Amino acid sequence: MKLITSLPQLCLVAVLTLLTAPALFAQQPASETLQQRLPASSEAGPLPSVPSEASSNSDLGQIGVVQTYPKPEMFTVSTSQQFFYTDNVFYTDAHYGSGTIGSLAYLGSYTASFVPYSLRDWTPRISLQYNMVRYNSAASGDFDNENLSFSNQYVFSDDRSWSWNSSATLGNFTAPHNNDHQFYKEVVYDNQISKVMQFCKDTPLFFIAAYDLAYHQASPAIFDRLDNTLSLSLAYYPVPELSIGPYVRPGARTYFTNGTYFVDGTFASGIAQSNRDDFNLAVGFDVTWQPWKYVSVSADFSHVNDYSNNSSLSYNDTTPGLSLTGTIKF
């Protein structure tokens, strides 16, 4: 979700932090990392500038300030074109199997959203999203994804620095080189609470914190899980159009189904898990330049370590990337 702040560009920091690159036959299903790379369906506009003191009028007397907030646009269309490199396409552990595979990759994302109704503090949203992932040297990892999301955002506290977003997302994943064969689908029930805080009034340095609780009901059911994720980041603006900031994102993943997932449809080999729990730690750095109101360019570097009690399912991945994002609202 986009976080509430007095600077429009701060919204980009929360949603353009990129993590690991997804893969079709990876140890983790593609959705686990794709959802972390893409902007969420909900979004919020910047806070308006409101005078801090009441004004007076000779005829009317003392007039108090009435706070007004811009109404969110009814329709939003956006696209994000990302180019990145991953040193571990299939999320394999270097100590198991045949090692890891690296590749240049492309992620194209296209999103359309509709706000049917809104109040000052509450914004419901319906979104459709299409994503395509292509690997330069690992075509078996290519996939397409479609998402339908229903979300609600509620902004609370007088300074509007706290926000809560809940959503339900239906996701479908297909293999483009195999007659669009569906290999994974899920419903994600997500709740996130966020806080934005400026360190000093005269310094454009912000602290952003978010806690996210998400349940994934998946098919194959072996990927049913509960995610608990804490996101901590900084955003510094040397000029209004440029944001710079590091982030750290620790998370715990609890899987509910034991068994073996045979990725090729046979019983020759598979991903086995039993009472699986993972600790996922992502760290990174993001630089975003917004030369125009609805266009931004980002460069980022991230490293992810996933520690699983099923040791053969642990992995790590390093991902530098560049992205171009455009948005139209009306």
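Structure: above.
Since the model is a prediction, treat every value here as computed from it, not as a measurement.

### Section: the overall build of the protein
Counting its secondary structure elements, the protein contains 2 helices and 16 strands. Looking at the protein residue by residue over its 330 residues, the buried ones come to 46%. Long-range contacts, defined here as pairs at least 24 residues apart, represent 60% of the contacts in the protein between residues at least 6 apart. Accessible surface, the protein as shown: approximately 15,600 Å² in total, 62% of it carbon and sulfur.

### Observations regarding the pairing of strand 5 (residues 122-135)
In the sheet, strand 4 (residues 103-114) pairs with strand 5 via 10 bridges, with the strands oriented antiparallel. If you follow Phe114 over to strand 5, its bridge partner there is Ile126. In this structure, strand 5 lies alongside strand 6 (residues 143-156), joined through 12 bridges in antiparallel fashion. In the sheet register, Val133 faces strand 6, and the bridge partner there is Phe143.

### Topic: the environment of Leu226
Examined against the element boundaries, Leu226 turns out to sit in strand 10 (residues 225-239). For the pair Leu226 and Ala252, spaced 26 residues apart in sequence, the C-alpha to C-alpha distance is 8.1 Å. Once residues lying within four places of it in the same chain are set aside, the contact partners of Leu226 are Leu213, Ala214, Tyr215, Ala252, Arg253, Thr254 and Phe256.

### Some words on the sheet that holds strand 16 (residues 315-329)
The strand order 3-4-5-6-7-8-9-10-11-14-15-16 describes a closed barrel built from 12 strands, whose pairing is antiparallel. Strand-to-strand twist in this sheet, taken as the mean axis angle between neighbours without regard to direction, amounts to 20°.

### A look at the side chain of Thr288
Tracing the backbone through its elements, the reader meets Thr288 in strand 14 (residues 277-292). Here Asp286 takes part through its side chain, which lies 2.8 Å from a polar atom of the side chain of Thr288. Only 2.9 Å separates the side chain of Thr288 from the side chain of Ser298, close enough to count as a polar contact.

### Re the side chain of Ser314
Inspection of the secondary structure assignment puts Ser314 in the loop between strand 15 (295-308) and strand 16. Residue Ser314 is classed as buried on the basis of its relative accessible area of 13%. There is a polar contact of 2.9 Å between the side chain of Ser314 and the backbone nitrogen of Ser308.

### Remarks on the pattern of salt bridges
For the coordinates displayed, the defined rule picks out 6 salt bridges. Here Asp121 and Arg160 are joined by a salt bridge, their closest N and O atoms 2.8 Å apart. Taken together, the residues Asp121 in the loop between strand 4 and strand 5 and Arg160 in the loop between strand 6 and strand 7 (162-175) connect sequence positions 39 residues apart. Overall, the relative accessible area of 18% leaves Asp121 in the buried class. Relative accessible area serves as the criterion here: at 10%, Arg160 is assigned to the buried category. Residues joined by salt bridges that share partners form a network here, namely Arg120, Asp121 and Arg160.

### Description of a nonpolar patch on the surface
On the surface, a cluster of nonpolar side chains totalling about 590 Å² of accessible area is made up of Tyr154, Trp162, Trp164, Ile193, Tyr211, Leu213 and Leu230. For the nonpolar patch, the elements supplying multiple residues, two or more each, are strand 7 and strand 9 (203-219). By the element assignment, Leu230 lies in strand 10. By relative accessible area, Leu230 is classed as partly exposed at 35%.

### Brief notes about unusual backbone geometry
Peptide bonds are mostly trans, and most non-glycine residues show a negative phi. Here the bond from Ser219 into Pro220 is cis, since omega is 15°, no more than 30 degrees from zero. Structurally, Pro220 is set in the loop between strand 9 and strand 10. Of note, Arg160 is a non-glycine position whose phi angle comes to about 60°, a positive value. For Asn179, which is not glycine, the phi torsion reads 55° and is therefore positive. With respect to the helices, strands and loops of the structure, Asn179 is situated in the loop between strand 7 and strand 8 (181-200). On the basis of relative accessible area, Asn179 is assigned to the exposed category, the value being 76%.

### Examining the packing of aromatic side chains
Following the criterion strictly, the structure yields 17 aromatic pairs and no others. An angle of 20° between the planes, with centres 6.4 Å apart, marks the rings of Tyr110 and Tyr130 as stacked. With Tyr110 in strand 4 and Tyr130 in strand 5, this pair connects stretches of sequence that are 20 residues apart. Residue Tyr110 is classed as partly exposed on the basis of its relative accessible area of 37%. The partly exposed category is assigned to Tyr130, whose relative accessible area is 30%. Through a chain of ring-to-ring contacts, three or more aromatic side chains come together here, namely Phe143, Phe173, Phe183, Tyr184 and Phe223. Above the face of the Tyr255 ring, Arg276 is positioned so that its terminal group lies 4.2 Å from the ring centre.

Conventions adopted
- Residues numbered from 1 in each chain as written.
- Predicted model: local features only at pLDDT ≥ 70, side-chain atom pairs only at ≥ 80, totals over all residues.
- Heavy atoms only, no water.
- Helix = DSSP H or I, 4+ residues; strand = E, 2+ residues; numbered from the N terminus.
- Buried < 20%, exposed > 50% of the residue type's maximum accessible area, 1.4 Å probe, protein only.
- Contact = heavy atoms within 4.5 Å.
- Areas by Shrake-Rupley, 256 points an atom, 1.4 Å probe, with all protein chains shown as cover.
- Pairing = 2+ DSSP bridges.
- Axes fitted to C-alpha atoms, helices over the stretch in contact; angles between N-to-C directions.
- Polar contact = N/O pair within 3.5 Å; in protein donor to acceptor, adjacent residues only side chain to side chain.
- Salt bridge = Lys/Arg side-chain N within 4 Å of Asp/Glu carboxyl O.
- Patch = residues over 30% accessible without salt bridge, like charges linked within 9 Å, V, L, I, M, F, W, Y side chains within 5 Å.
- Phe/Tyr/Trp six-rings, centres within 6.5 Å; stacked < 30°, edge-to-face > 60°.
- Lys NZ or Arg CZ within 6 Å of the ring centre and 35° of its normal.

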